[in-house]
Amino acid sequence: MKEKGEGAKNINYPYLLTYVLTILCGSVLYGYSVSIYGACLPLFSKMYEWEDEQKTKWSSIPTTLVPAGALVTALISSKIMEFGKRITFFIAAAIMVIGVLFVSVIHSPDPHQSSGLVYFCFGRVLIGLSIGLYSSATPSFINEIAPTHLTGALGSCHQLFLCFAIVITYLIGSILPKEGDPEELRKTFGWRLGMGVPAIIAIVQSLLLLFVFKYESPAHYSAKGQWDNTKDALKRIYKDEDEIERILNELRSASNKSSQASNAGSAYTEYKKAFWVGLILPAIQQLTGINIVMFYANTVFEKQGADRASTLSLIVMLINFLFTFGSVFLADKLGRKLMLVWGSVGCAVGLFYVLPHSQCREERDCDYMDIQFFCFLLYSSIRNESRPYYLGVYV
């Protein structure tokens, strides 16, 4: 086997990195779509003239519809991806564009007409269906095309770009006007543009995959027994013919072993521990409450009496992004298991300190909450980066 430094010289980095960046548009769409509504919620509340009770109701419904839609397509994504990751992205992009048309063009935030919210919610469901495909295909695609010594670093970029997109949504939410006459706010173009950004990204990604990056991953072609296409795909990533032949032989060997694999029942027995770890770790991650922060940061800070909710929400997302960025470089040095354990401990400590001061009865309580909330985000960022890739290696 080649040394890491020697193998690195044989890689066509311009092609590989631009391909990975194109794939990572899926991560950006994921992070942007799930958080843009929460980031712009104060503006929507003003445009629809919601009272407190209505605001609570409509802060939840459109937000929930996206992960609900994503759950549906995530369950069938493996079957769709058998046709190819590029095909999966094309399908996801088509659904995304239609969904965005409903939420940013057809939808009109008129408090006297219920049809506006119906169109908006329908569009959010479609966006969720698209996100379910993007969230499944993006990390899998990167893992399949990345050279072995770059799998960890490039794989971590999925979480990094997701967090970056969330920062952008809260930056947009902090810039958009939230005060003034509701009728005038409804006439502004900014919120429509903010909601329409995912369609632009999806179209650009599709065009790049259609005209520039025309090959699936080598692993996809090898699984189909298309060895000529496998070699052509490898030639675009690697420069050295010997390296290409070595990887091609490895893929052939893996394909032969796969064809001789035992049935599903015995496979479960063999990988039972890995199977349950693969189920439990993601479930525990959701129970930390990090998604509440991502979806409802503005609402959480407003309900605690903070008078700078938009600014605090943006700072929270920046912290999440910056420490995710740092974790990418620490993961290979410290080990993902260690980061997962210490990240979990840090999350628990942060939450225990947040709870006694969560009502912000005094200004000092709000300051305590801000500090501990940020600590929770710091350690959660470390956990987020380490969990999926430690899990992937383990399983």
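Below you will find a few notes about this structure.

A few words on a nonpolar patch on the surface. On the surface, a cluster of nonpolar side chains totalling about 940 Å² of accessible area is made up of Phe 189, Leu 193, Ile 200, Ile 203, Val 204, Leu 207, Leu 208, Leu 210, Phe 211 and Val 212. With respect to the secondary-structure elements, Leu 208 resides in helix α10 (residues 190–211).

Counted under the stated rule, the structure contains six salt bridges. Glu 245 serves as the salt-bridge partner of Lys 231, at 3.0 Å between the closest nitrogen and oxygen. Separated by 14 residues along the polypeptide, Lys 231 in helix α12 (residues 227–237) and Glu 245 in helix α13 (residues 241–259) bring together distant segments of the chain. You can call Lys 231 partly exposed: its relative accessible area is 25%. The partner of Glu 243 in a salt bridge is Arg 246, with the nearest N and O atoms 2.8 Å apart. Note that Glu 243 and Arg 246 are positioned in helix α13 at a spacing of three residues, about one turn of the helix. Residues joined by salt bridges that share partners form a network here, namely Glu 49, Glu 183 and Arg 186.

Counting 65 residues, the largest nonpolar core has Phe 44 and Tyr 134 as its most contacted members. The element best represented in this core is helix α7 (residues 115–145), accounting for 12 residues. With near-sequence residues (within four places) excluded, Phe 44 lies in contact with Tyr 37, Trp 50, His 107, Phe 120, Trp 191 and Met 195. In this structure, Cys 163, Tyr 170, Val 293 and Val 316 belong to the second largest nonpolar core, which totals 22 residues.

So, on to the packing of helix α6 (residues 85–106) against α10. Between α6 and α10, the shortest axis-to-axis distance is 9 Å and the interhelical angle comes to 160 degrees. In terms of their interaxial angle, α6 and α10 are classed as roughly antiparallel. Crossing handedness for the pair α6 and α10: left-handed. Along the contact surface, α6 presents Arg 86, Phe 89, Phe 90, Ala 93, Met 96, Val 97, Val 100, Val 103, Ser 104 and Val 105, while α10 presents Trp 191, Arg 192, Met 195, Gly 196, Pro 198, Ala 199, Ala 202, Ile 203, Gln 205, Ser 206, Leu 209 and Leu 210. Of the residues contributing to the contact of α6 with α10, the split by class is 16 nonpolar, four polar and two charged.

Counting buried positions along helix α4 (residues 41–48) yields seven of eight residues, so the element is predominantly enclosed. Within the span of α4, buried status applies to Leu 41, Pro 42, Leu 43, Phe 44, Ser 45, Met 47 and Tyr 48. Looking one or two places after α4, you find Glu 49, whose phi comes out positive at around 55 degrees.

Next up on the list: the packing of helix α3 (residues 25–39) against α10. It is the contact of α3 with α10, at a shortest axis distance of 10 Å, that shows an interaxial angle of 165 degrees. Taken as axis vectors, α3 and α10 run roughly antiparallel relative to one another. You can see that α3 and α10 cross each other, and the crossing is left-handed. Every residue of α10 that contacts α3 at Cys 25, Gly 26, Val 28, Leu 29, Tyr 32, Ser 33, Ile 36 and Tyr 37 is listed here: Gly 194, Met 195, Val 197, Pro 198, Ile 201, Ala 202 and Gln 205. Classifying every residue of the contact of α3 with α10 by side-chain character gives 11 nonpolar, four polar and no charged.

Rules of the game
Counting starts from 1 at the beginning of each chain's written sequence and moves along it residue by residue. With the structure being a predicted model, the display of local features is reserved for residues of pLDDT at least 70 and the display and counting of side-chain atom pairs for 80 or more, all residues being used for whole-chain, interface and lining totals. The side-chain numbers reported here are obtained from all heavy atoms of the structure, hydrogens and water having been left aside. Any residue with relative accessible area above 30% and no salt bridge may belong to a patch, with like charges joined within 9 Å and the nonpolar Val, Leu, Ile, Met, Phe, Trp and Tyr side chains within 5 Å. For the accessible areas, the method is Shrake-Rupley and the probe is 1.4 Å, while residue cover comes only from the protein chains on display. A carboxyl oxygen of Asp or Glu within 4 Å of a side-chain nitrogen of Lys or Arg is what we treat as a salt bridge. A run of DSSP states H or I qualifies as a helix once it reaches four residues; a run of E qualifies as a strand once it reaches two. Both are numbered from the N-terminal end. The classification of residues rests on relative accessible area computed with a 1.4 Å probe and restricted to protein chains. Under 20% of the type maximum is buried, over 50% is exposed, and intermediate values are partly exposed. Joining through side-chain atoms within 4.5 Å is the link that ties buried Ala, Val, Leu, Ile, Met, Phe, Trp, Tyr and Cys residues into a set, and such a set is a nonpolar core. Every residue pair with non-hydrogen atoms within 4.5 Å of one another is taken to be in contact. Where helices are involved, their axes are fitted lines through C-alpha atoms of the stretch in contact, as for all axes, and angles between N-to-C directions lie from 0 to 180°. Reported orientations rely on four angle classes, namely roughly parallel under 35 degrees, roughly antiparallel over 145, roughly perpendicular from 65 to 115, and oblique for the rest. Note: crossing handedness is left-handed where the near helix turns anticlockwise from the far helix by less than a right angle, and right-handed where it turns clockwise. Residues were grouped as follows: Ala, Val, Leu, Ile, Met, Phe, Trp, Tyr, Cys and Pro as nonpolar; Asp, Glu, Lys and Arg as charged; and all remaining residues, including Gly, as polar.

What is shown is where atoms sit, not what they do.
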